[in-house]
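Below are the chains, spelled out letter by letter.
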Amino acid sequence: MIFAAISALFPIAAQAHSGKARFHIIVDTDCAADDLRTLCMLLGNREIEVLAVTTSEGALPPRLSARRAAALLDGFGHEGIPVGAGRGTDAAAPAWRARSERIEWGDTASVAAPSASARDLMIETIEGEEEKTVLVALGALTNIGDALDAQPSIAERIDRIIWYNDEACPPTGPNYEADKASAEKVMQSGVEMVVISSNSDRPLRVTPRLLDSISHVRTPYARKIVDSHRTAPLADAVAENHLVLWDDLAAVYLFAPELFTEERISDNMVRARLRDDSAELVEERITAILRGKPDSESRVFYGFPTDGALYAADVAPMIGEAIDRHGPSEWRAAVLTNELHGHLGIYATIGVKMGIRAREYFNIGVDDIEVTTYAGSRPPVSCMNDGLQVGTGASIGHGLITVAECGTPRPEALFRFKDKSVRIALKPEYARRIRDDVKRGIGLYGDLTEPYWQYVRGLALKYWVEFDRREIFDIRPEN
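Residues numbered from 1 in each chain as written. Predicted model: local features only at pLDDT ≥ 70, side-chain atom pairs only at ≥ 80, totals over all residues. Heavy atoms only, no water.

(A) Spatial organisation of the pairing of strand S11 (residues 269-274). Within S11, five of the six residues are buried, which leaves the element mostly enclosed by the surrounding structure. Here strand S9 (residues 193-197) runs beside S11; their pairing, made up of five bridges, is parallel. Note on S11: the bridge partner recorded for Val194 is Val270. With five bridges joining them, strand S10 (residues 260-264) and S11 adopt antiparallel strand pairing. Each residue of the ladder has a partner; that of Arg264, found in S11, is Val270. Here S10 folds back onto S11, and the loop between the two strands holds four residues. (Buried < 20%, exposed > 50% of the residue type's maximum accessible area, 1.4 Å probe, protein only. Helix = DSSP H or I, 4+ residues; strand = E, 2+ residues; numbered from the N terminus. Pairing = 2+ DSSP bridges.)

Written as structure tokens, this is what we have:
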């Protein structure tokens, strides 16, 4: 009874510490500027699991959009999120296509053109997901209509469709005009649907003040929004007061539906229009979504200590640089790992970086991944296993980590998330550097002497700051 009473008093706190995503979504995009902002918000918040990204006709043709979306994901290290290209609809190119073509989403030359079709990827993802899926539609409804046509049974596995469109009754706007037939089909499908719209009489602009606010959020997702909107071609559009918050409102609605006035217009459709008195709160909500919960990975701490006075004298000076370079998640995991490990260990820190990189690849939180490690059970390489457990949450107690039987231990692990796997290994040149540095220490101070351990501690601190998890590993997807 006491526990029930406490749970009733503090439901938000209990949910905040569940460690699991609240929303499991597929994002369908046409790669306009507002889609870039919306994707950054959705990808950067741990309460959301982005299952896949599909592309539809609109600001850009679907195949071009697919490459842009893949480049964005690759730039964030989320190569494990699949991308599917939709079919063209022969709709007239919108007036903003020329500007959309010039927006920098990422290094498109470094990514292969996605080969999956949006329809098939959408069906496969919805059918393979344990939770019901939320479809966030930022463009035409072509792919959703095609998926429902090809596999009507997925309708039961869709929680709802959240679609930005200028108006719902009657439907008007570029996202509707790009494929009216599919829009009508989806609206009549019986799937629960929320049509989001702004107040056209009082449009919300992307302003320098909003960008300044976002710039104070220290994440790569916030940085991507700011950098892309402070360079051509979007900088000119911001200066001219031309960019409007449109598709962004789909993400805002997901987290703050209370800012909208809702009206049911059919058995399965709700019109959600931004309330006039909520306009000033939207900027606050956008930055809050990008910032996320400060305790999203913690179960004891609210946030994680970064005050230098709390750390050892040789650790304190590197706190700011380490967090700036590698992010708060890696800092938290590395601190906890080295406390658990009993000393500042080189391979323990490598394990942290590898575990965080695996989570980054799939863009997931802790406790969601299975690990098979090939680091063996004998130090020093086996020390990597401590870092893997803390970095991923795949602890021995959870039964999510297995130490493989192998003749020669090596700094390598296989990570499984749902039906996807990726193998990550420390690049040979970095493994060789560690071996050479450690050998040099043994030559100078002897093996396992106190000066030797101080030398190893110095190396561990150096590698902690200098080794970039996006550079030091070979990554190979496996079926």
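Resuming the write-up.
(B) Expanded view of the sheet that holds S9. On the basis of which strands lie adjacent, the open sheet formed by nine strands has the order S4-S3-S2-S1-S5-S6-S9-S11-S10 and mixed pairing. Of all strands in the sheet, those bounded by a partner on one side alone are strand S4 (116-117) and S10.

(C) Highlighting the environment of Thr306. With respect to the helices and strands, Thr306 occurs in the loop between helix H14 (279-291) and helix H15 (319-326). A relative accessible area of 42% places Thr306 in the partly exposed class. Residues Thr306 and Trp331 lie 25 residues apart in sequence; the distance between their C-alpha atoms is 9.1 Å. Sequence-distant contacts of Thr306, defined by excluding residues within four places in its chain, comprise Tyr311, Ile319, Ile323 and Trp331. (Contact = heavy atoms within 4.5 Å.)

(D) Representation of the packing of helix H7 (residues 142-150) against helix H9 (residues 180-187) in the model. Taken N-terminus to C-terminus, the directions of H7 and H9 make an angle of 55 degrees; their axes are 8 Å apart at the nearest point. Accordingly, the angle class assigned to the pair H7 and H9 is oblique. Taken as a pair, H7 and H9 cross one another with a handedness that is left-handed. Each of Thr142, Ile144, Gly145, Leu148 and Asp149 in H7 lies in contact with H9, whose residues at this interface are Ser182, Lys185 and Val186. In terms of residue class, the contact of H7 with H9 is built from three nonpolar, three polar and two charged. (Axes fitted to C-alpha atoms, helices over the stretch in contact; angles between N-to-C directions. Parallel < 35°, antiparallel > 145°, perpendicular 65-115°, else oblique. Left-handed = near helix turned anticlockwise from the far one by under 90°. Nonpolar A, V, L, I, M, F, W, Y, C, P; charged D, E, K, R; others polar.)

(E) Looking closely at the nonpolar core. Ile25, Leu42, Val50, Ile196, Phe260 and Leu290 are the most contacted members of the largest nonpolar core, which has 68 residues in total. Apart from the residues within four sequence positions on either side, Ile196 is in contact with Ile162, Trp163, Tyr164, Asn165, Leu249, Ala250, Tyr253, Phe260 and Ala272. Ala358, Phe362, Ala460 and Phe467 belong to the second-largest nonpolar core, a separate cluster that totals 54 residues. (Core = buried A, V, L, I, M, F, W, Y, C linked by side-chain atoms within 4.5 Å.)

(F) The pattern of salt bridges, seen in detail. This structure, assessed with the given rule, holds 34 salt bridges. As a salt-bridge pair, Glu79 and Arg357 come within 2.7 Å of each other at their nearest N and O atoms. Linking Glu79 in the loop between helix H4 (62-75) and strand S3 (83-85) with Arg357 in helix H17 (residues 346-362), this pair joins segments that are 278 residues apart in sequence. The class of Glu79 is partly exposed, set by a relative accessible area of 30%. Since its relative accessible area comes to 2%, Arg357 is described here as buried. Note that Arg271 is salt-bridged to Glu167, the shortest N-O span being 3.0 Å. Of this pair, Arg271 sits in strand S11 while Glu167 is found in strand S7 (residues 167-168), placing the two residues 104 residues apart along the sequence. Given a relative accessible area of 17%, Arg271 falls into the buried group. What makes Glu167 buried here is its relative accessible area of 16%. Each of Glu79, Glu330, Lys353, Arg357, Glu360 and Arg469 takes part in a single network of salt bridges with overlapping partners. (Salt bridge = Lys/Arg side-chain N within 4 Å of Asp/Glu carboxyl O.)

(G) Main features of helix H19 (residues 428-445). Between its first and last C-alpha atoms H19 spans 26 Å; for 18 residues at 1.5 Å apiece the expected length is 26 Å, and the two agree. Turning to H19, its buried residues are Tyr430, Ala431, Ile434, Asp437, Val438 and Gly441. For H19, the buried positions fall inside an angular range of 130 degrees around the axis, keeping them on one side. In H19, the exposed residues that point more than 90 degrees away from the buried face are Arg435, Lys439 and Gly443. The secondary structure elements touched by the buried residues of H19 are H17, strand S15 (420-426) and helix H20 (450-466). (Expected span 1.5 Å × (residues − 1). Arc of directions from axis to C-beta.)

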